[in-house]
Amino acid sequence: MNWEAVIGIECHVELKTQTKMFCGCPNEFGAEPNTNVCPVCLGMPGALPVPNRVAIEHMVRAGLAFGAEIPAFSKFDRKNYFYPDMPKDYQISQFDMPLTSGGEVKYWLDDGTMKSCRLTRIHLEEDTGKSSHAGSGDGRIAGSEYSLVDFNRAGVPLMECVSEPEIRSSQDAVAYLTSLRETLLQLDVSDVKMEEGSLRCDANVSIRPVGATELGTKTEIKNMNSFRSVQRAIDSEIRRQIETVEAGGRVVQETRGWDEARGETHTMRSKEEAHDYRYFPDPDLVPMELQGDDIDRLRSSLAELPWQRFQRLTGEYGLNVKQAGQLIDNARLAEYFDRVVTASRNPQQSTNFVLGDLSRLANESGVAVADSKASPDDVAELIAMVDAKTINSKIAKTLVERMWKGDGSPKAIVEREGLSQTSDPGAVETFVDDVLAANPNIVAEYRAGKTNVAGFLVGQIMKASRGKADPALVNTVLKRKLE
Ligand SMILES: [Zn+2]
């Protein structure tokens, strides 16, 4: 039987703010345990929460970027939660009236196809503290001697982004996450670092016969620490479910952990607890009423989104997916590239110079292209000189390196050092004649049928002209003289 996978992704994203969601404690990663805490985030009696305006604006901007609706009213609810990493026994979250509703994440695949996956919801909540268990060897609570709790993370603003089960493969899941991550980076609402826990994701996976419309029993995979582990974990879980069903068994609804070293998922909680969070509106927080003006202001602060940039770069400018990906990964390089294209009106050559020569120099020197001494206008001037055949491509490469070092504009360097391309047929003919006269044996070899020696002669002629001869003209003249 042919099976298809049905995948939904749940992401928790810590928002980038100076302070926590409901108090003035710093929102920072890596501080000494339990140093960024106060009566509010520890849930001491009588402490009152005050919402963080920046976090709410981040949420609205993210919602707008994903095409979600921003309802005029929304509210905070208490979600009863009985774990030791949340000392007040509830988490402030959103239940039936979240800050945004609906929306979709548009993403692109390696072959350039655009896809989209709808969002069920994005809501705002506070993060919990972090427990660690010692003495068991593998960090799990089972068999541990004691547990430690760090409340620094408790109360950090957390965006929860839940997708519909519309993803069909692990590659699509990674493409979805990439687009989501790039968008949040572009909006500057989160660091989205998986290794620091500011982006955490779980995948819901089920399988069904191709063509079926009903959903199969799903499992939830946790503990994936990189996009690569997301891809491997989903693939491994799809395989496991197919093998289970084809062997006559059935998939059990459960939470499974991903074991990176063994490359397989394992049961974490076999019985799905009946989640009864008993939500109720938080009596300490008044409902939020968003003004149209505020939403318009936030909407106008959105720059070009990664998927829009992808479409422009591949569609309008003809870049391939890899090149477009390089520019989407690096907003400052993309901005630089745009300035070069605007000034030169030559996307193809702009791509060659920015992603080729300049990016190579950036890698070698550790200086970003955008911080280099080669300005976008200078690069555009260089492209214009190549287009006009004032210089050949070999000289152009040398000029890029000179511009990088700060030797001035390409025009200035060429004028100063007489590097203009020699397109004068008489001059080129002289170079050719000299080289032919100096290499009678090679000429004889060529005439005897060994035509590949022409390359050597071209090299000698270019050298004689100090690299300035027009290569196309050299080839034409040489061919005429040899035959
Ligand atoms: Zn606090």
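(A) Local environment of the coordination of the zinc ion. Only Cys23 (SG), Cys25 (SG), Cys38 (SG) and Cys41 (SG) from the protein reach the zinc ion as donors, at distances of 2.3 to 2.4 Å. What the 4 donor atoms of the zinc ion show is an angle range of 98 to 115 degrees at the metal, which sorts the shape as tetrahedral. Counting along the primary sequence, the residues that act as donors to the zinc ion give the motif C-x1-C-x12-C-x2-C. Pair noted here: Cys25 is in the loop between strand 1 (3–14) and helix 1 (53–65) and Cys38 is in the loop between strand 1 and helix 1, with a separation of 13 residues, a long-range link.

(B) Geometry of the packing of aromatic side chains. If you walk through the whole model with that rule in mind, you get 7 aromatic pairs. Considering the side-chain rings of Phe22 and Phe76, the 5.2 Å spacing of their centres and the 80 degrees angle between planes classify their relative orientation as edge-to-face. Of this pair, Phe22 sits in the loop between strand 1 and helix 1 while Phe76 sits in the loop between strand 2 (73–74) and strand 3 (77–80), and the two are 54 residues apart along the sequence. Looking at Phe22, the relative accessible area reads 5%, which means it is buried. Seen from their ring centres, Tyr317 and Phe337 are 6.1 Å apart, and the 65 degrees between their planes marks the pair as edge-to-face. Here Tyr317, found in the loop between helix 5 (306–316) and helix 6 (321–329), pairs with Phe337, found in helix 7 (residues 331–344); they are 20 residues apart in sequence, far enough to count as distant. Taken individually, Tyr317 and Phe337 each receive the classification buried, so the pair is uniform in this respect. Three or more aromatic residues joined by ring pairs form one cluster here, namely Phe95, Tyr277 and Tyr279. Sitting over the ring of Tyr277, Lys79 keeps its end group 4.4 Å from the ring centre. Lying across the ring of Trp307, Lys106 places its NZ or CZ 4.1 Å from the centre.

(C) Local environment of helix 11 (residues 410–417). All of the buried residues along helix 11 are Pro410, Ile413 and Val414. The buried residues of helix 11 all sit within an arc of 95 degrees when viewed along its axis, so they share a single face. Facing away from the buried side of helix 11 by more than 90 degrees, the exposed set consists of Glu415 and Arg416. Where the residues of helix 11 are buried, they touch helix 9 (376–387) and helix 10 (393–405).

(D) A look at the sheet that holds strand 3. Pairing within the open sheet is antiparallel, and its 3 strands lie in the order 4-3-15. On the outer flanks of this sheet lie strand 4 (90–93) and strand 15 (280–281), each paired with one strand and no other. Pairing analysis gives 2 bridges linking strand 3 to strand 15, with the strands arranged antiparallel. If you follow Arg78 over to strand 15, its bridge partner there is Phe280.

Thresholds, definitions, all that
- Residues numbered from 1 in each chain as written.
- Predicted model: local features only at pLDDT ≥ 70, side-chain atom pairs only at ≥ 80, totals over all residues.
- Heavy atoms only, no water.
- Donors = N, O, S within 2.8 Å, 3.2 Å for Na, K, Ca; no water.
- Tetrahedral: all angles 85-135°; square planar, octahedral: opposite > 155°, others 65-115°.
- Helix = DSSP H or I, 4+ residues; strand = E, 2+ residues; numbered from the N terminus.
- Phe/Tyr/Trp six-rings, centres within 6.5 Å; stacked < 30°, edge-to-face > 60°.
- Buried < 20%, exposed > 50% of the residue type's maximum accessible area, 1.4 Å probe, protein only.
- Lys NZ or Arg CZ within 6 Å of the ring centre and 35° of its normal.
- Arc of directions from axis to C-beta.
- Contact = heavy atoms within 4.5 Å.
- Pairing = 2+ DSSP bridges.

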